[in-house]
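In case you want the letters, here they are:
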Amino acid sequence: MSRRDGLPDMRYIRALSLPRKDPSAGRVLVHNHVIRTPTTVSGDRGFRAWTQNKTRDVVRCRCGWAPDVTTHYRVRVTPYSPAMTQLEVDRLIAADERRAP
Ligand SMILES: [Zn+2]
């Protein structure tokens with residue numbers, strides 16, 4: 001079911017659990033950009049998963065996460081590269097602060 005305001009009707013996967021079955025008809029399983037393994041549970045180190053009605057903000061994902069689920073999606077836009085390490089982020093922030101007046 002869609003919300004009247006057009007936002008996806010998100011329902012988070014229960015904390016520290018891994019989805020084992022396909023979402024109900026009309027809904028898709030989605031996760032965020034946080035680095036994961038096939039069995040990473042929702043809530044681990046910022047990794048989050050939920051179901052929602054499909055919108056243009058999600059893309060099909062083939063990362064291998066939740067292998068019992070036929071198809072899942074991830075958010076289309078990532079706020080930063082998951083390949084970036086904390087050290088690289090710290091360097092960028094420090095460089096940015098040096099440039100600031
Ligand atoms: Zn994935």
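Residues numbered from 1 in each chain as written. Predicted model: local features only at pLDDT ≥ 70, side-chain atom pairs only at ≥ 80, totals over all residues.

Asker: Whenever I open this one, the nonpolar core confuses me. Can you help?
Answerer: General note: in soluble globular proteins, nonpolar side chains tend to be found buried as a group. Ile13, Leu29, Val30, Ala49, Trp65 and Ala66 form the largest nonpolar core, which has six residues in total. Those residues in contact with tryptophan 65, other than ones at most four positions away along the chain, are His31, Arg36, Pro38, Thr40 and His72. (Core = buried A, V, L, I, M, F, W, Y, C linked by C-beta atoms within 7 Å. Buried ≥ 20, exposed ≤ 12 C-beta atoms within 10 Å, placed from the backbone. Contact = placed C-beta atoms within 7 Å.)

Asker: Explain unusual backbone geometry here, please?
Answerer: With glycine set apart, most residues show a phi of negative sign, and most peptide bonds adopt trans. Although it is not a glycine, arginine 45 adopts a positive phi angle of roughly 50°. As for its position among the elements, arginine 45 is in the loop between strand 2 (28-31) and strand 3 (49-52). Positive phi outside glycine occurs at alanine 66, with the angle close to 50°. Within the secondary structure, alanine 66 is located in the loop between strand 4 (58-61) and strand 5 (72-75). Given 25 C-beta atoms within a 10 Å radius, alanine 66 is considered buried. (Helix = DSSP H or I, 4+ residues; strand = E, 2+ residues; numbered from the N terminus.)

Asker: Looking at this model, I keep getting lost on helix 1 (residues 86-99). Mind explaining?
Answerer: Owing to its 3.6 residues per turn, the α-helix brings residues three or four apart onto one side. An ideal rise of 1.5 Å per residue puts 20 Å on 14 residues; helix 1 measures up with 20 Å between its terminal C-alpha atoms. Along helix 1, only zero of the 14 residues are buried, which leaves the element largely exposed. (Expected span 1.5 Å × (residues − 1).)

Asker: I would appreciate a short explanation of the pairing of strand 3 in the present structure.
Answerer: In the case of a regular strand, side chains alternate between the two sheet surfaces. Bridge count for strand 1 (residues 11-12) against strand 3 is two bridges, and the pairing is antiparallel. Along strand 3, the bridge assignment pairs arginine 11 with threonine 51. Note: strand 2 against strand 3, four bridges, orientation antiparallel. Following the sheet pairing, valine 28 is matched in strand 3 by glutamine 52. (Pairing = 2+ DSSP bridges.)

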